[in-house]
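Each chain, written out:
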Amino acid sequence: MVNLKKLFQGCVRLGAIYNLPAEVRKKRIAEVLKLVGLEERSGDLVETYSGGMRKRLDIAAGLIHRPRILFLDEPTLGLDIQTRREIWRYIARLREEEGITIFLTTHYMDEADQICDHIGIIDHGRLIIIDTPANLKKSLGGDLIIFSFTPETPPDAALRALEKLQEQPFIKKLSPLIKDQEKSFVAVTGSGEETLPLFFTALEGLDVKIGKITLKVPSLDDVFLYYTGRELREERSSKEKSIQERFTMRRLRS
């Protein structure tokens, strides 16, 4: 393991590991430290660095040998929003000035939307979909109606309501999801303002009550929820699980 007690000395050792000639190594270290804004702190102990500075140091260490591909594993995890945006700017500069292909993992959807050309959604180790941020949002096919039933709604009545909604021509797709530990459903529709009244009309005469309902334009958070079916991997109650499984089985039979 390389000892990065002092930044510049650590970078020199990293350059030696990559077999860079001394002059090339010195020039390259100056370039990468300037790129990530650490040139004025190159003689300081790394232990005096803030979390954001250490993240930038990680990036600088990976750039000394001019890689054509750079892998970054959650480069802004645990940082405040101001520092995160600084890291975003550095990553954008790497792509534009260095011509580097960058693969990064992140749980921040706004981060992926801001700095990525293409985004792949992975769930349980499986790549579900990959496309540009704009196309991923368009893939949902329209606005989203996110709703939940009240706890008092009988499971059978909720199931009948879901099946009734699925039959409606203005509903393009209906899927269950878990958001903020609350069981909800998301309906993809065309113009939400036009179809929301039709949504309530379709439920007339059924023994169900809507607890919450939201109309929104898709974001990448919605795309993730739509393709994975959940935001938090919480254990579902037997009642919730029964409704979803029965709804899913009936969809498969139809």
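None of these values were measured; they are calculated from a predicted model.

Novice: Kindly report on the overall build of the protein chain, identifying the contributing residues and their values.
Specialist: Counting its secondary structure elements, the protein chain contains 10 helices and eight strands. A sequence separation of at least 24 residues applies to 67% of the contacts in the protein chain between residues at least 6 apart. Here the protein chain displays about 14700 Å² of accessible surface, and carbon together with sulfur accounts for 51% of that area.

Novice: Report on the packing of helix α3 (residues 51–61) against helix α4 (residues 81–98), specifying residues and quantitative values.
Specialist: Their axes nearest at 10 Å, the elements α3 and α4 cross at an angle of 15°. When the axis of α3 is compared with that of α4, the two are roughly parallel. Judged by the twist between their axes, the crossing of α3 over α4 is right-handed. In this structure, α3 uses Gly 52, Lys 55, Arg 56 and Ile 59 to contact α4, whose residues at the interface are Thr 83, Glu 86, Ile 87, Tyr 90 and Leu 94. Class assignment for the residues of the contact of α3 with α4 results in four nonpolar, two polar and three charged.

Novice: Tell me about the pattern of salt bridges, and please be specific about residues and values.
Specialist: Within this structure, the stated rule accounts for four salt bridges. Asp 117 is the partner of Arg 95 in a salt bridge, and the nearest nitrogen-oxygen pair spans 3.3 Å. Of this pair, Arg 95 sits in helix α4 while Asp 117 sits in the loop between α5 (109–115) and β3 (119–123); the two residues are 22 residues apart in sequence, bridging distant segments of the chain. Exposure remark for Asp 117: the relative accessible area of 48% places this residue in the partly exposed category. A salt bridge links Lys 216 to Asp 222; the nearest nitrogen and oxygen atoms lie 3.3 Å apart. Given the relative accessible area of 29%, Lys 216 is considered partly exposed.

Parameters at a glance
- Residues numbered from 1 in each chain as written.
- Predicted model: local features only at pLDDT ≥ 70, side-chain atom pairs only at ≥ 80, totals over all residues.
- Heavy atoms only, no water.
- Helix = DSSP H or I, 4+ residues; strand = E, 2+ residues; numbered from the N terminus.
- Contact = heavy atoms within 4.5 Å.
- Areas by Shrake-Rupley, 256 points an atom, 1.4 Å probe, with all protein chains shown as cover.
- Axes fitted to C-alpha atoms, helices over the stretch in contact; angles between N-to-C directions.
- Parallel < 35°, antiparallel > 145°, perpendicular 65-115°, else oblique.
- Left-handed = near helix turned anticlockwise from the far one by under 90°.
- Nonpolar A, V, L, I, M, F, W, Y, C, P; charged D, E, K, R; others polar.
- Salt bridge = Lys/Arg side-chain N within 4 Å of Asp/Glu carboxyl O.
- Buried < 20%, exposed > 50% of the residue type's maximum accessible area, 1.4 Å probe, protein only.

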